[in-house]
Amino acid sequence: QVQLIESGGGLVQTGGSLRLSCAASGLTFSSYAMGWFRQAPGKEREFVAAISWRGGITHYADSVKGRFTISRDNAKNTVYLQMNSLKPEDTAVYYCAGDPGIVTTTGYPDFSSWGQGTQVTVSS
């Protein structure tokens, strides 16, 4: 059974930084594309970033390009999301997702496994 557990969320001021982590188990991590999504109150869940199996390809939402960086450590079965220059509109629950599919520079798979989420709140 695939299990994804996010951590690292919290409260930060505008312009600050946070690093989210997602620890994976129950899967062959190095064969899984990984992604981050977020859902703000009253809004639909939206894509944030994705990374290919070995980390060589990444894909970002336009709203976070240049501010957020997704990375992975296959030896630790962990994917990260470094978030810099945070804005109040980044406030959301952030979810980790995994899938055996393919990430390209313009797309990502229909992720099949999801974590429970971690809250990120950016104060103005």
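On a predicted model such as this, the values are computed, not experimentally measured, just so you know.

Definitions and limits used
- Residues numbered from 1 in each chain as written.
- Predicted model: local features only at pLDDT ≥ 70, side-chain atom pairs only at ≥ 80, totals over all residues.
- Heavy atoms only, no water.
- Helix = DSSP H or I, 4+ residues; strand = E, 2+ residues; numbered from the N terminus.
- Rg over C-alpha atoms; globule rule 2.2 N^0.38 Å.
- Buried < 20%, exposed > 50% of the residue type's maximum accessible area, 1.4 Å probe, protein only.
- Contact = heavy atoms within 4.5 Å.
- Areas by Shrake-Rupley, 256 points an atom, 1.4 Å probe, with all protein chains shown as cover.
- Core = buried A, V, L, I, M, F, W, Y, C linked by side-chain atoms within 4.5 Å.
- Pairing = 2+ DSSP bridges.
- Phe/Tyr/Trp six-rings, centres within 6.5 Å; stacked < 30°, edge-to-face > 60°.
- Lys NZ or Arg CZ within 6 Å of the ring centre and 35° of its normal.

Engineer: I keep staring at the overall build of the protein chain and nothing clicks. Help me out?
Structural biologist: Scanning the protein chain from terminus to terminus reveals 0 helices and 11 strands. Secondary structure elements of the protein chain occur, N-terminal to C-terminal, as β-β-β-β-β-β-β-β-β-β-β. For 124 residues, the compact-globule estimate of 2.2 N^0.38 gives 14 Å, and the protein chain sits close to it at 13 Å. The dimensions of the protein chain, computed from C-alpha atoms along their principal axes, are 40 × 25 × 25 Å. Residue burial in the protein chain is summarised as follows: out of 124 residues, 46% are buried. Considering only contacts in the protein chain between residues 6 or more positions apart, those separated by 24 or more positions represent 59%. For the protein chain, the exposed area adds up to about 6,300 Å²; of that, 47% sits on carbon and sulfur atoms.

Engineer: Explain unusual backbone geometry here, please?
Structural biologist: Peptide bonds are, in most cases, trans, and in most cases residues other than glycine have a negative phi. Here Asn77, not a glycine, exhibits a phi torsion of approximately 50°, which is positive. In this fold, Asn77 is placed in the loop between strand 7 (68-73) and strand 8 (78-83). The partly exposed category is assigned to Asn77, whose relative accessible area is 26%.

Engineer: Sorry, what's going on with the nonpolar core here?
Structural biologist: As a rule of thumb, nonpolar side chains are buried together in soluble globular proteins. Met34, Trp36, Val79, Leu81, Met83 and Tyr94 are the most contacted members of the largest nonpolar core, which totals 36 residues. At the level of secondary structure, the elements contributing two or more residues to this core comprise strand 3 (18-25), strand 4 (33-39), strand 5 (46-51), strand 7, strand 8, strand 9 (92-99) and strand 11 (118-123). With 5 residues, the top contributor of residues to this core is strand 5. When sequence neighbours within four positions are dropped, the list of residues in contact with Met83 reads Gly16, Ser17, Leu18, Leu20, Arg67, Phe68, Tyr94 and Val120.

Engineer: Help me out: how do you make sense of the pairing of strand 8 in this one?
Structural biologist: A regular strand places its side chains so that they alternate between the two faces of the sheet. A large share of strand 8 lies buried, amounting to 5 of its 6 residues. Bridge count between strand 3 and strand 8: 6 bridges; the pairing is antiparallel. Each bridged residue has a counterpart across the sheet, and for Ser21 the counterpart in strand 8 is Tyr80. Bridging between strand 7 and strand 8 involves 6 bridges; their strand directions are antiparallel. Within strand 8, the position partnered with Ile70 by the bridge is Leu81. Here strand 7 folds back onto strand 8, and the loop between the two strands holds 4 residues, one of which, Asn77, carries a positive phi near 50°.

Engineer: Explain the packing of aromatic side chains to me, please; I cannot follow it from the model alone.
Structural biologist: Two aromatic rings, taken as a pair, are described by how far apart their centres are and by the angle between their planes. Per the counting criterion, the structure on display carries 7 aromatic pairs. Between Phe47 and Tyr108, the ring centres sit 4.1 Å apart and the planes meet at 10°, which makes this aromatic pair stacked. You can see Phe47 sitting in strand 5 and its partner Tyr108 sitting in the loop between strand 9 and strand 10 (113-114), a full 61 residues away along the chain. You can call Phe47 buried: its relative accessible area is 13%. For Tyr108, a relative accessible area of 37% gives the class partly exposed. Aromatic side chains Phe111 and Trp114 sit 6.5 Å apart centroid to centroid with 70° between the ring planes, which places their arrangement in the edge-to-face category. By relative accessible area, Trp114 is classed as partly exposed at 29%. Among the aromatic side chains, those forming a connected cluster through ring pairs are Phe37, Phe47, Tyr108, Phe111 and Trp114. Its guanidinium or amino end placed over the ring of Trp114, Arg45 lies 3.7 Å from that ring's centre, counting from NZ or CZ.

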